[in-house]
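# Observations on chain architecture
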Amino acid sequence: MSFLSLTDADRDEMLAAIGVASVEELFREIPEGVRFRGRLDLEPALSEPELTAHMEQLAGRNAHTGIELSFLGAGVYDHYVPAVVDAVLQRGEFLTAYTPYQPEMSQGVLQTIFEYQTAICELTGMDISNASGYDGATVAADACFIAKHATGRSKVVLAEAVNPQVRQVVKTYAPGFGLDVVEVPHRGGTTDPDELAAAARDAACVLFQQPNFFGCLEPAPDLAAAATEAGALAVAHVDPVSLGVLEAPGNYGCALAIGEGQSAGNYQSFGGPHYGFLAARAEHTRRMPGRIVGETTDAAGKRGYVLTLQTREQHIRREKATSNITTNQTLLALAGLVHLTWLGPQGLREVGETCMALAQHAKEQLAAAGFELAFPDKATFKEFAVRVGRNAGEVVAAARAHGVHPGYAVGRDYEGMEDALLVAVTEKRTAADVARLVEVLAEVALPA
Amino acid sequence: MAPNGEREPMTKLIYERSQPGRRASSLPRHDLPVPDVPAALARATPPRLPEVSEAELVRHFTELSTRNFGIDTGFYPLGSCTMKHNPRVNERLVGLPGFRDLHPLQEEDGAQGALELEWRLQEILAEVCGLDAVSLQPAAGSQGELTGLMLFRAYFADRGEDEQRREIVIPDTAHGTNPASVAMAGYQLVGVKTDARGNVDVDDLRGKVGRQTAGLMLTNPSTLGLFDENIEEIERIFRGAGALMYYDGANLNAVCGISRPGDMGFDVVHINLHKTFSQPHGGGGPGGGPIAVTSALEPFLPVPAVVKDGDRFRFDYDRPKSIGKVRGFSGPFGVFVRSYAYIRGYGPALREMSEAAVLNANYLLARLKHAYDLPFDRLCMHEFVLSARTLKREHGVSALDVAKRLMDFGIHPPTVYFPLIVPEALMIEPTETEPKERLDEFCDAMLAIAHEAEVSPDVLREAPHSRPVRRLDEVKAAKRAVVRYLFDDHPELADADAAPAVVEAPKGA
């Protein structure tokens with residue numbers, strides 16, 4: 001299978017027009033010492049049916065959430081993706097276009113980005129959103145970079161209850177950005193505002209997650225206040241599907257709101273591609289990384305959209321740019337916009353309520369079966385940690401043998417939690433599914 | 001066109017179509033009590049998301065799609081972006097439930113197919129690059145660049161040379177991402193000039209490389225579409241200084257199976273999967289930016305790597321010298337599915353892909369070089385750069401005017417005003433998937449436009465004439481900074497000067 005279009009006759013005619021005798025001659029300027037004279041050691045070409053069979057075989061060896069009852073979350077969730085998302089994303093005019101450098105050719109993508117930016121600002125209570133970042137982890141690094149430039153400070157404070165992958169990415173970026181990372185431990189599943197206030201002294205920003213990695217609801221307004229009082233920017237890492245029931249970070253004093261967009265519109269896809277969102281108060285506009293779309297008029301006064309505020313960006317500012325990002329996650333962000341439009345404000349609230357109701361039900365049923373919740377006095381959203389009485393990794397393996405993936409073994413990231421399982425319950429699960437989870441855990445785990 | 005012969009009417013925003021009480025979604029409602037959210041944490045006012053029916057939702061986005069132009073719509077020779085055909089089978093494959101609905105934290109024995117695919121892609125990319133090891137993790141080319149520079153720092157820190165080696169050398173033809181990545185990695189930038197043949201100026205280079213140099217970032221073929229004839233000398237200079245070499249793989253589509261970065265002496269390469277290996281560009285993403293490295297740099301790669309033990313595949317996190325993680329999980333897996341599928345379609349004949357890309361570009365160059373200025377009269381690789389300098393001087397028609405006029409011919413403009421060293425640049429990359437007829441249509445259009453510049457330059461200056469909007473005012477957009485819909489508080493369109501202005505910023509690449 002190849003996707004080439006030239007016939008032998010085309011090739012001869014084109015070589016004649018160029019004035020060379022062979023295709024080989026087109027490469028004569030490559031020094032012989034760096035020419036590759038071998039044949040690439042790749043497996044033979046496959047036809048489309050053969051390729052399909054091969055890929056089906058590979059896909060068939062993955063235990064996906066359609067064949068395994070899954071309570072796995074920890075940053076990526078099995079939410080329902082409506083059919084309209086697939087339909088819109090398969091429009092070739094969106095799928096096969098690139099960054100809208102030429103706005104007259106790209107009003108469709110530009111307008112969807114403007115609508116996406118509006119949706120993110122509405123969800124988060126912020127003034128400006130970029131067109132997307134790579135994922136929920138890289139936008140955290142971006143936020144720290146903004147904070148460094150906004151405050152002139154280099155210390156960033158991360159709540160330990162922030163998703164470990166997010167913290168790890170911030171730490172990887174930190175040396176290049178000239179940042180020092182400090183972490184504040186959780187106390188019984190949430191972050192203590194006083195402890196955070198102490199750490200926030202001289203800090204550029206404080207990053208916390210709401211709901212946090214354990215699914216617990218942080219005292220977010222108190223955390224934001226602790227940061228702000230210390231002169232640090234408060235940065236909330238939030239879940240878009242929670243924002244129909246949970247308050248918007250912009251309404252409790254945060255300077256920046258970021259998050260992983262996957263919950264809104266993206267399939268799990270073994271971790272990507274997804275999109276990260278990054279929104280801020282207007283005062284940080286000039287420090288924002290990435291593409292931003294703005295409204296303007298054309299030569300006839302008609303409304304249109306363009307990439308704007310580009311003097312922040314690498315193709316103009318080069319080494320003085322706010323970021324090196326170019327290709328972002330526009331198509332995934334479009335999926336988010338379509339999903340949020342499909343939901344509407346009422347649907348968003350219902351998804352949140354349904355997740356909460358099912359998760360609460362799961363907590364109660366597990367408690368009734370004798371399991372101890374890791375943080376029993378903390379309110380949660382769609383995810384919670386439960387003690388299973390033995391190594392949680394072993395419990396996962398044993399439960400999967402019964403066709404149930406019971407969640408994430410928290411001990412991979414947190415000391416002293418080797419027996420804890422992080423259980424996520426989305427609107428796709430049912431009370432019967434929860435009953436099955438409890439039944440299997442009762443069999444393979446050890447209630448207290 | 002609207003019934004009165006005007007251009008299409010303005011498209012409403014989805015928020016302007018909203019009616020309270022309408023909705024598209026239907027959701028399960030379980031007969032379970034909803035717990036209360038603590039009052040201090042509960043949402044006080046709902047977000048103003050659109051309230052529309054499904055029919056109107058579909059119509060809205062379909063209408064917007066018709067106001068956009070993709071490869072599926074027509075020829076898209078946007079230089080440095082490699083806008084090749086995106087095979088539809090790949091969209092079907094990425095939607096297989098075993099890929100689409102697989103959680104990234106699934107146990108390894110429940111993800112053997114995904115891990116095998118990632119491992120196979122690592123092996124393929126190492127072979128294509130002529131290097132030893134691959135990390136698939138970076139999310140795009142620019143993140144691959146940054147990751148590569150982090151590897152430089154980790155490598156030199158490991159040797160106790162990080163404080164000594166603070167400089168990265170970059171030619172003046174480089175993409176803006178290169179200097180931006182240098183700054184983000186905490187390095188200092190040293191620029192090097194281009195010589196009269198479009199190669200790196202080796203004399204300038206010699207004076208700039210020494211003990212203080214961490215490495216080079218080079219795109220080869222360059223953004224001029226030219227293979228650097230001095231590459232072996234460049235390698236000697238950097239090797240002699242104990243420095244490393246980074247290959248910006250933006251133009252890898254020119255050299256697959258023809259010349260491998262590893263054979264040119266590069267230590268780190270990023271591969272733009274959305275360019276060379278046909279991940280659809282999605283209106284601006286997603287991309288994929290895996291990096292391939294020498295064995296000397298392998299210990300520093302991000303975690304996890306995918307390794308094969310016997311006939312089992314697993315993630316390896318046990319890399320004590322790893323720089324850490326640059327994004328979540330193992331990378332943009334859906335991109336890997338499409339790129340792996342694309343490469344398996346070609347097999348060892350991947351070389352023919354690059355040959356056709358180079359042939360197509362040289363054919364366009366041969367047909368156009370007498371009508372436009374050609375800054376470097378050489379054979380090109382997969383793309384080339386023309387200049388509208390003479391058109392501008394003699395007829396007052398700019399590269400931007402040429403670009404806008406191409407739209408009226410149903411063709412997406414090339415990249416313009418880049419690379420920065422060429423005034424009035426038009427950077428043209430046809431890719432290998434275009435048939436000769438499309439190439440000829442493009443040449444005919446470009447020649448017709450060059451003629452129009454002489455006889456009716458205003459037609460160009462006022463172009464486009466056939467798009468849903470006329471030329472847009474970018475200065476006004478930046479001045480107004482209206483970056484979201486403000487509902488009842490939305491400012492009037494006329495509240496800033498509407499004088500059309502031209503901003504000669506790079507458009508593309």
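On a predicted model such as this, the values are computed, not experimentally measured, just so you know. (Residues numbered from 1 in each chain as written. Chains lettered and ligands numbered in written order. Predicted model: local features only at pLDDT ≥ 70, side-chain atom pairs only at ≥ 80, totals over all residues.)

## Thoughts on the overall build of chain A
Counting its regular elements, chain A contains 13 helices and 17 strands. If one aligns the C-alpha atoms of chain A with their principal axes, the spans along those axes are about 80 × 50 × 50 Å. Out of the 448 residues in chain A, the part that is buried amounts to 66%. The contacts of chain A with a sequence gap of at least 6 include a subset with a gap of at least 24, amounting to 74%. (Helix = DSSP H or I, 4+ residues; strand = E, 2+ residues; numbered from the N terminus. Buried ≥ 20, exposed ≤ 12 C-beta atoms within 10 Å, placed from the backbone. Contact = placed C-beta atoms within 7 Å.)

## Some details on the domain arrangement of chain A
Residue and element names in this part refer to chain A. In terms of domain boundaries, chain A breaks down into domain 1 (69-80 + 343-444) and domain 2 (84-337). The C-alpha-based centres of domain 1 and domain 2 are spaced at 27 Å. The dominant element in the side of domain 1 that touches domain 2, judged by the number of residues it contributes, is helix 11 (residues 330-368), at seven residues. Across the side of domain 1 that touches domain 2, the residue classes tally to 13 nonpolar, four polar and seven charged. (Domains from an automatic or database assignment. Nonpolar A, V, L, I, M, F, W, Y, C, P; charged D, E, K, R; others polar.)

## A short note on the interface of chain A and chain B
Each partner contributes to the interface: chain A provides 179 residues, whereas chain B provides 183 residues. With 24 residues, the top contributor of residues to the side of chain A that touches chain B is helix 11 of chain A. Along the lines of polarity and charge, the residues of the side of chain A that touches chain B split into 87 nonpolar, 62 polar and 30 charged.

## Comments concerning the sheet that holds strand 7 (residues 291-293) of chain B
Residue and element names in this part refer to chain B. With respect to topology, seven strands assemble into an open sheet ordered 1-7-6-5-4-2-3, the strand pairing being mixed. Looking along the sheet, the strands with just one partner apiece sit at the ends: strand 1 (133-135) and strand 3 (188-192). Across this sheet, the average inter-strand angle for adjacent strands is 25°, counted without regard to direction. Contacts from helix 6 (residues 177-184) reach strand 2 (167-171), strand 3, strand 4 (213-218) and strand 5 (244-249), with the element oriented near 175° to strand 2. (Pairing = 2+ DSSP bridges. Axes fitted to C-alpha atoms, helices over the stretch in contact; angles between N-to-C directions.)

## Focus: the domain arrangement of chain B
Domain parsing of chain B yields domain 1 (14-66) and domain 2 (108-349). Using C-alpha coordinates to define each centre, domain 1 of chain B is positioned 43 Å away from domain 2 of chain B.

## Looking at helix 2 (residues 48-59) of chain A
Between its first and last C-alpha atoms helix 2 of chain A spans 16 Å; for 12 residues at 1.5 Å apiece the expected length is 16 Å, and the two agree. Along helix 2 of chain A, the positions that sit buried rather than exposed are Leu51, Met55, Leu58 and Ala59 of chain A. For helix 2 of chain A, the buried positions fall inside an angular range of 95° around the axis, keeping them on one side. Exposed side of helix 2 of chain A, more than 90 degrees from the buried face: Pro49, Ala53 and Gln57 of chain A are the residues found there. Those residues of helix 2 of chain A hidden inside the fold are in contact with helix 2 (88-94), helix 3 (97-100), helix 4 (112-129) and helix 9 (333-346) of chain B. (Expected span 1.5 Å × (residues − 1). Arc of directions from axis to C-beta.)

## A few points about the pairing of strand 3 (residues 155-159) of chain A
Residue and element names in this part refer to chain A. With five of five residues buried, strand 3 lies mostly within the body of the structure. In strand 3, alternate side chains face the same way, and those of Lys155, Val157 and Ala159 on one face and Val156 and Leu158 on the other are all buried. When strand 3 meets strand 4 (residues 180-184), the two strands line up parallel, connected through five bridges. For Ala159, the partnering residue across the bridge sits in strand 4 and is Val184. A crossover connection joins strand 3 to the parallel strand 4 through helix 7 (residues 164-177); in handedness this β-α-β unit is right-handed. Examined bridge by bridge, strand 3 and strand 7 (residues 203-210) share four bridges and lie parallel to one another. (Right-handed = clockwise from strand over helix to strand, strands pointing away.)

## Here we look at helix 4 of chain B
Residue and element names in this part refer to chain B. With 18 residues, helix 4 extends 26 Å from end C-alpha to end C-alpha; this agrees with the ideal 26 Å at 1.5 Å per step. Every buried residue belonging to helix 4 is among Gly113, Ala114, Leu115, Leu117, Glu118, Leu121, Gln122, Ile124, Leu125, Glu127, Val128 and Cys129, and all of these are buried. Looking one or two residues beyond helix 4, the residue adopting positive phi is Gly130, at roughly 70°.

## Thoughts on the sheet that holds strand 11 (residues 415-416) of chain B
Residue and element names in this part refer to chain B. Taken in spatial order, the three strands make up an open sheet running 10-12-11, and their pairing is antiparallel. On the outer flanks of this sheet lie strand 10 (384-387) and strand 11, each paired with one strand and no other. Across four bridges, strand 10 lies against strand 12 (residues 425-428) in antiparallel orientation. The partner of Val385 across the bridge, within strand 12, is Met427.

## Let's talk about the nonpolar core
Ala143, Cys205, Val206, Leu207, Val235 and Leu421 of chain A are the most contacted members of the largest nonpolar core, which totals 312 residues. Apart from the residues within four sequence positions on either side, Ala143 of chain A is in contact with Cys205, Leu207, Val235, Leu256, Ile258 and Leu278 of chain A. (Core = buried A, V, L, I, M, F, W, Y, C linked by C-beta atoms within 7 Å.)

## A look at the environment of Asp263 of chain B
Checked against the element boundaries, Asp263 of chain B lands in the loop between strand 5 and strand 6 (268-271). Asp263 of chain B gets classed as partly exposed once you count the C-beta atoms within 10 Å, which come to 18. Each C-alpha atom of the pair Asp263 of chain B and Glu232 of chain B lies 9.9 Å from the other, and the pair is 31 residues apart in sequence. Setting aside anything within four residues of it in sequence, one finds Asp263 of chain B in contact with Val34 and Phe36 of chain A together with Gly130 of chain B.

## Re the packing of helix 8 (residues 193-200) of chain A against helix 9 (residues 220-229) of chain A
All names here are of chain A. Relative orientation of the contacting elements helix 8 and helix 9 amounts to 25°, with a least axis distance of 8 Å. By the angle between their directions, the pair helix 8 and helix 9 is classed as roughly parallel. As for how helix 8 packs across helix 9, the hand of that crossing is right-handed. Counting all contacts with helix 8, which are made through Pro193, Leu196, Ala197 and Ala200, the residues of helix 9 involved are Asp222, Leu223, Ala226, Ala227 and Glu229. Looking at the contact of helix 8 with helix 9 residue by residue, the class counts come to seven nonpolar, no polar and two charged. (Parallel < 35°, antiparallel > 145°, perpendicular 65-115°, else oblique. Left-handed = near helix turned anticlockwise from the far one by under 90°.)

## Considering unusual backbone geometry
Residue Pro211 of chain A is bonded to the preceding Gln210 of chain A through a cis peptide linkage, with omega at -10°. Cis geometry marks the peptide bond from Gly285 of chain B to Pro286 of chain B, where omega comes out at 20°. Here Pro286 of chain B shows up in the loop between strand 6 and strand 7. In this structure, Ser269 of chain A takes a positive phi of about 45° despite not being glycine. On the secondary structure map, Ser269 of chain A appears in the loop between strand 9 (256-260) and strand 10 (276-280). Here the phi dihedral of Ser278 of chain B falls at roughly 65°; this positive angle occurs in a residue that is not glycine. Tracing the backbone through its elements, the reader meets Ser278 of chain B in the loop between strand 6 and strand 7.

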